[in-house]
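# Inside the fold
Chain residues, written in single-letter form:
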Amino acid sequence: MEQLKILTIVTESVLENQIAEDIEKHGAHGYTITDARGKGHRGLRDAGWDYNSNIRVEIVCNLKTCNAISKFLLDTYYNDYAMITFSYDVTVQRSNKF
Amino acid sequence: MEQLKILTIVTESVLENQIAEDIEKHGAHGYTITDARGKGHRGLRDAGWDYNSNIRVEIVCNLKTCNAISKFLLDTYYNDYAMITFSYDVTVQRSNKF
Amino acid sequence: MEQLKILTIVTESVLENQIAEDIEKHGAHGYTITDARGKGHRGLRDAGWDYNSNIRVEIVCNLKTCNAISKFLLDTYYNDYAMITFSYDVTVQRSNKF
Amino acid sequence: MDPIILFFVLGVILGVSKSEVRLPSQIYDFISILLLLSIGLKGGIELAKQPFSTMLPQILMVLAIGFILPIIAFPILKYFGKFKRADAASIAAHYGSVSVGTFAVSLAYLNTREIFYEEYMALFVVVLEIPAILIGIILAKGISKETKWGKVTHEVFLGKGVALMVGGLLVGYLAGPTGVQSIAPLFFDLFKGILALFLLEMGLITASQLSSLKKYGFFLLGFGIIMPIVFGSLGVIIGSQLMGLSLGGTVVLGTLTASASYIAVPAAMRISVPEANPTLSLTASLGITFPFNIMIGIPLYLRIANSTQNIFGA
Amino acid sequence: MDPIILFFVLGVILGVSKSEVRLPSQIYDFISILLLLSIGLKGGIELAKQPFSTMLPQILMVLAIGFILPIIAFPILKYFGKFKRADAASIAAHYGSVSVGTFAVSLAYLNTREIFYEEYMALFVVVLEIPAILIGIILAKGISKETKWGKVTHEVFLGKGVALMVGGLLVGYLAGPTGVQSIAPLFFDLFKGILALFLLEMGLITASQLSSLKKYGFFLLGFGIIMPIVFGSLGVIIGSQLMGLSLGGTVVLGTLTASASYIAVPAAMRISVPEANPTLSLTASLGITFPFNIMIGIPLYLRIANSTQNIFGA
Amino acid sequence: MDPIILFFVLGVILGVSKSEVRLPSQIYDFISILLLLSIGLKGGIELAKQPFSTMLPQILMVLAIGFILPIIAFPILKYFGKFKRADAASIAAHYGSVSVGTFAVSLAYLNTREIFYEEYMALFVVVLEIPAILIGIILAKGISKETKWGKVTHEVFLGKGVALMVGGLLVGYLAGPTGVQSIAPLFFDLFKGILALFLLEMGLITASQLSSLKKYGFFLLGFGIIMPIVFGSLGVIIGSQLMGLSLGGTVVLGTLTASASYIAVPAAMRISVPEANPTLSLTASLGITFPFNIMIGIPLYLRIANSTQNIFGA
Ligand SMILES: Nc1ncnc2c1ncn2[C@@H]1O[C@H](COP(=O)(O)O)[C@@H](O)[C@H]1O
Ligand SMILES: Nc1ncnc2c1ncn2[C@@H]1O[C@H](COP(=O)(O)O)[C@@H](O)[C@H]1O
Ligand SMILES: Nc1ncnc2c1ncn2[C@@H]1O[C@H](COP(=O)(O)O)[C@@H](O)[C@H]1O
Ligand code: NA
Ligand code: NA
Ligand code: NA
């Protein structure tokens, strides 16, 4: 069976709708989003109000989709938005649907 | 030392109490829950209101417990509820307590 | 390229500011925090009100920083506060900044 | 037009046009809690004025209605709608039960028109909310030993809806009209404003249900309109002829029987009849019946109540 | 019975019976903020009417009380309760400090009975809240160099509780009674309704503390009832005999000394005396003393105040 | 001093001193929603009293202002401020648009002084909010084919700010003064209290912007003070000389032109001109211009309006 990945993206909340679209366009079957705050190279984002909060997006997908999505997101948004992406191997139970 | 796992479950918020009980019954020593939203095979669950929001549950446990819990949850809920489970290896600091 | 880690810490919300300082002191370049609830050896922490809720902190860093942070946090807080830490390998896209 | 209905329409429009307006879910919770407590408190104050013995026959009558309505709806859904047993049972339970939001709108409607109604009707909301859930589960599963009745009972009586309304009723009953005066600015004066916000959010939610409507065909649409008219008429007739309610009280009872639950019942069904598709019942109750009732139904039940009085006498 | 107390009882019942009713934590925050600002604002308006020189002796007196109370409580906890040093110090700090919720209930209680009290008492809440924290830390650690006093001071003065009440006091003081009129509908008219919701949630939280009660034995139960009676009586006597407060003011001061903190102190202790078990102090202050005070204590302190006046003269 | 301004100052002080006071973001959302709806509702009621034909020239005039202001600001920012094209365009858009919070403070200011103003000014907020965004995008990108105008339009018209204000306007218009009466306790009576809480949070946010101020040098500071004075004077003169507004209406228009957006525009710019640094524009609009306007600007525009009337006649 194909090795599956979790791709995690932490980025600005304003991008939520756009990224959700992007993810689907690149063939992922789903995603999970939680609200987050944090700090990185672009300073403190402490969720105090709308324009300063993060989301944390997780996508279960295969390696190809993982690479395609992360490449697309970084190419499109990385220069202008707070963003970090990372991935790792997972075992998905009942994974036939991915 | 035994290899430990993180088992992650994303499912409907209405199941929170039941799943918390299930987890304990199967011998896990704890769990962590965050509120989430997302999309999967059963459509968009965007946390707009109670019946349409997700939770993300993480359990640190050994392989046996991980398998037992995920099997039980999928057998019990998978047909009727939005649910996804996945797991991966972790190193737990001060892991003697698991 | 150096192998990177995710270090995850689940602990009491009251520690948020202190831990954020500690993380930076030990050389990590950022962190991501989400609100959480959960159960562990120190009982149920169900986020009902301020003094009973958890945070879940994630740090992308190299092995050395990961070990330094987790050692420091466990030495400093583990005896007196609800806390669990675990880590695993990740691939970070555009990882040159870590 | 009543501004609270306009808020609902605004919500639907904003929802359909995919605007970014949303009430945070915690605010929706807060608003629901305020509404449920307010309704309970008002009911409790009035209850204190009634000798309980005169109420008992009315309560039993309402209880009986609660058992009968889902039993009427179920075969219609199963044989005409061709729904699976679990789905038919679940939808029937939603329609046998009541919608607190619709109830609140009917009170506001009558207040605006200065039509008197028995304030203790809040009690009937609670009484009607419960039996349909039990019947729904039995219709879906038979009287099976597997059903965790403990869990069901807990879900029904201690779910947010019933617990807060009963709680409000008791507080209102015990504190009485003068006692409650000090908390009136929050619970009574703000009531319609809070209801307006609630309806704004209901409009947004309704809009998000509309897309499922296409998917589930037109039977649901018809059912979601005809069923409340039938149940509403039934409620009006029983209220005026058998229970001796005032004109306003009759309208409220008709609204209650016509309305379909979207708080207590979905939660209970999701736990107890998980194989039922929750989208079906919510599409019908929220997407069709709720807007129908608050915009067309309530005035209609008033007309029916008027006619009934004219024909049969009050 | 006062409806706000009924809301507390409702919360306890719903909590004990494991109902699903909960205020979202953000709403709890919102409500706390409103209460703290309201109390501060009211206090500030009244403060503007007093020449500060007449207040100073009273303030110093209250400050002294704040230093003495935890020093009385500590040895009782350590030697009779057999608590570890850190736990005894932490609980002592909770009881030396005050509960804003209890204070608010005492104001509501006196308002209902139309008993006059000095409105500037809000100032004393702040004055009493702080010294106990310092004493608690010293009792736990000695006057150690390690203690990060900077952090402690920050925690104490800039924690939500003190910051908002002092902020409200200043705004009320500077804006004066006519200035504040325009914001009165939110901060004053809704006060008791908001307090009712707050007590509903406090009831739910209290219920969740009850289970720890069994675990920690009956010493805490006794302590949580007897300590407030002792401290309350002390407060009443000092208030009426040494500070020349009115009957109502005396009751309020008695309530303040009798009450135990569950906002500022737990936060400060968790950071500064982390080895103290927070469950112990919260079980006592929230699970026992808070319900005791709002249901039995406040009327009791009124009786004591009345007797004191009769015996010693006002 | 007006207590709502004191709340803002309190927020700044608490923010600067790193206190733990924060409104949960959901509460901030809730409060914004209430303010936007309230302002819309009030405007809508007044709008119903005007024949639309008399309004049209005024609307067109305001629309024109909205197109011109950012075109004035842009070259100043680009050539004197030496900002990158995208940053200059984005800041220009912020200053061409309006701040609803500042608008609300100006209404409160005039109400306190019992100075009459045209209540339908709320309509102008919406009219002024929009053109600056379009100009900002064109200034940044040229009239490029790549710009997703569909997305921009959606962002502008269906973003929270415009959608709720227009929604409120329509509800107020359709329901009329008597219809709206039932929801007045929430939307009108609480208005200034809610505004006070909003300003408390704005103060906290402003404080968090102050640190970026140092980083971005003193040009921003000067710009953030001089630009509103220039635009405010322009607004006053246009309002009194070309549009024939009352003294109060003139002050409100001056406040609108002087104010800089921090809700609709930042959101639209973040999506449409992402290469612009959002910290720059928010530091200026929130950290400088907002406090300047509510504390110094509004009284200043009143003085300018008075002088203008004296010199040119009303
Ligand atoms: N080293 C890190 N570990 C965990 N999260 C990070 C890290 N760096 C950045 N983040 C998250 O990613 C967001 C954007 O990062 P940046 O673009 O570096 O400012 C931050 O606000 C954090 O939430
Ligand atoms: N491929 C995926 N990646 C991440 N999360 C997913 C994925 N598929 C489903 N989920 C999450 O699991 C929930 C239930 O999934 P489903 O049962 O497939 O609808 C969704 O609402 C998502 O939050
Ligand atoms: N086995 C576990 N799996 C996942 N989360 C855990 C586990 N044990 C503890 N936690 C989390 O860590 C917090 C503190 O744990 P503890 O100190 O063991 O009470 C708990 O409240 C949980 O949120
Ligand atoms: Na019904
Ligand atoms: Na005390
Ligand atoms: Na402007």
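Please read these numbers as outputs of a predicted model, since none were measured by experiment.

Each value, and the rule that gives it
Residues numbered from 1 in each chain as written. Chains lettered and ligands numbered in written order. Predicted model: local features only at pLDDT ≥ 70, side-chain atom pairs only at ≥ 80, totals over all residues. Heavy atoms only, no water. Helix = DSSP H or I, 4+ residues; strand = E, 2+ residues; numbered from the N terminus. Rg over C-alpha atoms; globule rule 2.2 N^0.38 Å. Buried < 20%, exposed > 50% of the residue type's maximum accessible area, 1.4 Å probe, protein only. Contact = heavy atoms within 4.5 Å. Least-squares fit on C-alpha atoms with pLDDT ≥ 70 in both. Donors = N, O, S within 2.8 Å, 3.2 Å for Na, K, Ca; no water. Phe/Tyr/Trp six-rings, centres within 6.5 Å; stacked < 30°, edge-to-face > 60°. Buried area = accessible area lost by both parts, 1.4 Å probe. Salt bridge = Lys/Arg side-chain N within 4 Å of Asp/Glu carboxyl O. Near = heavy atom within 4 Å. Polar contact = N/O pair within 3.5 Å; in protein donor to acceptor, adjacent residues only side chain to side chain. Areas by Shrake-Rupley, 256 points an atom, 1.4 Å probe, with all protein chains shown as cover.

For the rest of this paragraph, the subject is the overall build of chain D. Counting secondary structure elements, chain D contains 15 helices and zero strands. Relative to the compact-globule value of 20 Å for 314 residues, chain D shows a C-alpha radius of gyration of 18 Å, a close match. Projected onto its principal axes, the C-alpha coordinates of chain D cover approximately 50 × 45 × 45 Å. The buried share of chain D, taken over its 314 residues, is 67%. Taking the contacts inside chain D whose residues are at least 6 apart along the sequence as the reference set, 88% of them involve residues at least 24 apart.

With an RMSD of 0.0 Å, the fit of chain E onto chain D corresponds to turning through 120 degrees and sliding 0.0 Å along the axis. What the superposition gives is, in effect, a three-fold axis relating one chain to the other. The residues that chain E uses at the interface reappear at the interface of chain D in only 15% of cases, marking distinct surfaces.

What follows concerns the coordination of the sodium ion (ligand 5). Residue and element names in this part refer to chain E. Here the sodium ion (ligand 5) is held by Tyr95 (O), Ser97 (O), Leu256 (O), Thr257 (O) and Ser259 (O), and the distances to it run 2.3 to 3.1 Å. Written as a sequence motif, the donor arrangement for the sodium ion (ligand 5) is Y-x1-S-x158-L-T-x1-S. Of the residues examined, leucine 256 reaches a relative accessible area of 0% and is grouped as buried.

Moving on: the coordination of the sodium ion (ligand 4). Residues and elements named next belong to chain D. In this structure, Tyr95 (O), Ser97 (O), Leu256 (O), Thr257 (O) and Ser259 (O) serve as the protein donors to the sodium ion (ligand 4), at separations of 2.3 to 3.1 Å. One chain supplies every donor for the sodium ion (ligand 4), spaced along it as Y-x1-S-x158-L-T-x1-S. For serine 259, a relative accessible area of 1% translates into the label buried.

Turning our eyes to something else, we now look at the packing of aromatic side chains. A full pass over the atoms with the stated rule returns 33 aromatic pairs over all chains. Taking the centre distance of 5.8 Å and the plane angle of 75 degrees together, the rings of tyrosine 77 of chain B and tyrosine 81 of chain B count as edge-to-face. Ring geometry for phenylalanine 83 of chain E and phenylalanine 219 of chain E: centres 5.9 Å apart, planes at 65 degrees, overall edge-to-face. With phenylalanine 83 of chain E in the loop between helix H3 (52-80) and helix H4 (85-96) and phenylalanine 219 of chain E in helix H12 (residues 217-242), the pair connects residues that are 136 residues apart, well separated along the chain. Looking at phenylalanine 83 of chain E, the relative accessible area reads 13%, which means it is buried. Through pairs of rings, three or more aromatic residues link up here, namely Phe83, Tyr95, Phe219 and Phe223 of chain D.

Before going further, it helps to examine the interface of chain C and chain B. Size of an interface: often given as the accessible area lost when the parts come together. Residue-level contacts link 22 residues of chain C with 23 residues of chain B. Where chain C abuts chain B, roughly 1,900 Å² becomes buried across the two surfaces, and 47% of that area is made up of carbon and sulfur atoms. It is Arg37, Lys39 and His41 of chain C in chain C that bury the most area against chain B; as a group they hold 33% of the surface buried on that side. At the junction of chain C with chain B, the criterion picks out five salt bridges.

The next subject is the pattern of salt bridges. One pass over the full model with this rule turns up 45 salt bridges over all chains. Glutamate 58 of chain C is the salt-bridge partner of arginine 56 of chain C, the closest N and O atoms lying 3.5 Å from each other. Residue arginine 56 of chain C is classed as buried on the basis of its relative accessible area, which comes to 2%. Measuring nitrogen to oxygen at the nearest pair gives 3.6 Å for the salt bridge that ties aspartate 29 of chain D to lysine 160 of chain D. Linking aspartate 29 of chain D in helix H2 (residues 25-47) with lysine 160 of chain D in helix H9 (residues 160-180), this pair joins segments that are 131 residues apart in sequence. In this structure, aspartate 29 of chain D and lysine 160 of chain D share a single accessibility class: buried. A single network of salt bridges, built from pairs that share partners, joins Arg56 and Glu58 of chain A, Arg56 and Glu58 of chain B together with Arg56 and Glu58 of chain C.

Before going further, it helps to examine the site of ligand 3. Taken together, 19 residues lie near ligand 3, and Thr32 and Val60 of chain B together with His41, Arg42 and Asn54 of chain C sit nearest. Chain contributions to the surroundings of ligand 3 come from chains B and C. The separation between an oxygen atom of ligand 3 and a polar side-chain atom of asparagine 54 of chain C is 2.8 Å. A total of 480 Å² of accessible area belongs to ligand 3 in isolation, and the protein chains cover 100% of it.

Here we take up the site of ligand 1. The immediate surroundings of ligand 1 are formed by 19 residues, with His41, Arg42 and Asn54 of chain A together with Thr32 and Val60 of chain C found nearest. Chain contributions to the surroundings of ligand 1 come from chains A and C. Within the contact set of ligand 1, an oxygen atom lies 2.8 Å away from a side-chain nitrogen or oxygen of asparagine 54 of chain A. Backbone polar atom of glycine 30 of chain C to a nitrogen atom of ligand 1: 3.4 Å apart, as the coordinates give it. In isolation ligand 1 has 470 Å² of accessible area, and contact with the protein removes 100% of it. For the shell around ligand 1, the elements supplying multiple residues, two or more each, are strand S2 (31-40) and strand S5 (83-92) of chain A together with strand S2 (31-40) and strand S4 (54-62) of chain C.

By themselves these figures say nothing about function.
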